[in-house]
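Each chain, written out:
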Amino acid sequence: MARLRVHNIAISLDGYIAGPNQGPENPLGEGGLRLHDWVWATRYAHQWDGTDAGETGIDNDFMIAGDAGIGATIMGRNMFGPIRGPWTDHEWKGWWGDNPPYHHDTFVMTHHTRPSLPMEGGTTFHFVNEPPEEVLRQAFKAADGQDVRLAGGSSAIRQFLRAGLVDEMHLAVVPILLGAGERLYEDLGTLSGYEISSVHSPAVTHVTFTKSA
């Protein structure tokens, strides 16, 4: 059965997945880039640039697993870009240039819809104003039997967790404090419906939440 999975979400010790004051010049907020130092050290990340540099090992294995078997992606509007409120135009096409890294249907949750946006490499962004259950139904249909990835940000992940829709969530806990920003652990209770496991690399602690049978 297809699942909804969250992968490779880098989070600070105080629970933030982005720092404060996000904007076009600072997409991850103040200090937020430090959350992803472990990503850029992996061989998998270096292969995005066509090189064979970078490290193998636990961190690299988690990066590979995050893309395996994924047929569609869901994200919040704040992850798609810095623009808030109604769209004044449709010039903004995401942070990733003309060829985003998704290569399949990607559903952007927003109160302000706009026409679907096909991009190079097979990514099409669909802008949907629906509750999580309906967005997930559309994403499962687009994934055609494969799993769906919930990419973030924190608000989108919390909505799906509160609705009990997330089957697996992987967080990479980075040993830094951000103090403010986009916090994941708000109004989630104890997440008692999940079994929790962890492994460590020299850079981060990988924590996996798996929905109990």
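The following paragraphs examine the structure supplied in this document. (Residues numbered from 1 in each chain as written. Predicted model: local features only at pLDDT ≥ 70, side-chain atom pairs only at ≥ 80, totals over all residues. Heavy atoms only, no water.)

A look at unusual backbone geometry
Consideration 1: Of note, the amide linkage connecting Gly152 to Gly153 takes the cis form, showing an omega dihedral of -5°.
Consideration 2: Take Gly153: it is sitting in the loop between strand S7 (147–152) and helix H6 (154–162).
Consideration 3: Residues other than glycine seldom take positive phi values, yet His103 does so here, at roughly 65°.
Consideration 4: Within the secondary structure, His103 is located in the loop between helix H4 (77–80) and strand S4 (105–109).
Consideration 5: With phi around 60°, Asp187 is a residue other than glycine that occupies positive phi space.
Consideration 6: Positionally, Asp187 belongs in the loop between strand S9 (182–183) and strand S10 (194–200). (Helix = DSSP H or I, 4+ residues; strand = E, 2+ residues; numbered from the N terminus.)

Considerations on the pairing of strand S6 (residues 124–128)
Consideration 1: Summarising burial for S6: five of the five residues are buried, a large majority.
Consideration 2: Burial of the side chains of S6 extends over both faces: Thr124, His126 and Val128 are buried on one face and Phe125 and Phe127 on the other.
Consideration 3: In this sheet, S6 lies alongside S4 in parallel orientation, the contact comprising five bridges. If you follow Asp105 over to S6, its bridge partner there is Thr124. (Buried < 20%, exposed > 50% of the residue type's maximum accessible area, 1.4 Å probe, protein only. Pairing = 2+ DSSP bridges.)

Thoughts on the environment of Phe127
Consideration 1: Along the chain, Phe127 turns up in strand S6.
Consideration 2: Separated by 66 residues in sequence, Phe127 and Gly193 have C-alpha atoms that sit 30 Å apart.
Consideration 3: Dropping the residues within four chain positions of it, Phe127 is found in contact with Phe80, Trp87, Val108, Thr110, Thr113, Arg114, Pro115 and Leu117. (Contact = heavy atoms within 4.5 Å.)

A short note on the pairing of S7
Consideration 1: Burial analysis of S7 places six of its six residues in the buried class, the great majority of the element.
Consideration 2: Note that strand S1 (residues 4–12) and S7 share two bridges and pair parallel. For Leu4, the partnering residue across the bridge sits in S7 and is Val148.
Consideration 3: Of the pairings in the sheet, the one linking strand S3 (residues 70–76) to S7 comprises five bridges and is parallel in character. Residue pairing in the sheet places Ile70 in a bridge with Asp147 of S7.

Quick look at the environment of Leu33
Consideration 1: With respect to the element layout, Leu33 can be found in the loop between strand S2 (16–18) and helix H1 (37–40).
Consideration 2: Under the relative-accessibility criterion, Leu33 is labelled exposed at 59%.
Consideration 3: Note: C-alpha distance between Leu33 and Phe125 (92 residues apart in sequence) is 25 Å.

Topic: the side chain of Thr124
Consideration 1: Of note, Thr124 is situated in strand S6.
Consideration 2: Owing to a relative accessible area of 18%, Thr124 belongs among the buried residues under this scheme.
Consideration 3: When near neighbours in sequence (up to four residues on either side) are disregarded, Thr124 contacts His104, Asp105, Thr106, Ser116, Leu117 and Pro118.

Remarks on the pattern of salt bridges
Pairs may arise between side chains of opposite charge once their charged atoms sit close together.
Consideration 1: What the rule picks out here adds up to seven salt bridges.
Consideration 2: Close ionic contact of Asp147 with Arg3 constitutes a salt bridge, the shortest N to O distance being 3.1 Å. Placement of Asp147 in strand S7 and of Arg3 in the segment before S1 is noted, with a sequence separation of 144 residues between them.
Consideration 3: A relative accessible area of 10% places Asp147 in the buried class.
Consideration 4: Between Arg137 and Glu134 there is a salt bridge whose closest N-O contact spans 2.7 Å. (Salt bridge = Lys/Arg side-chain N within 4 Å of Asp/Glu carboxyl O.)

Function-wise, these values are silent; they only describe arrangement.
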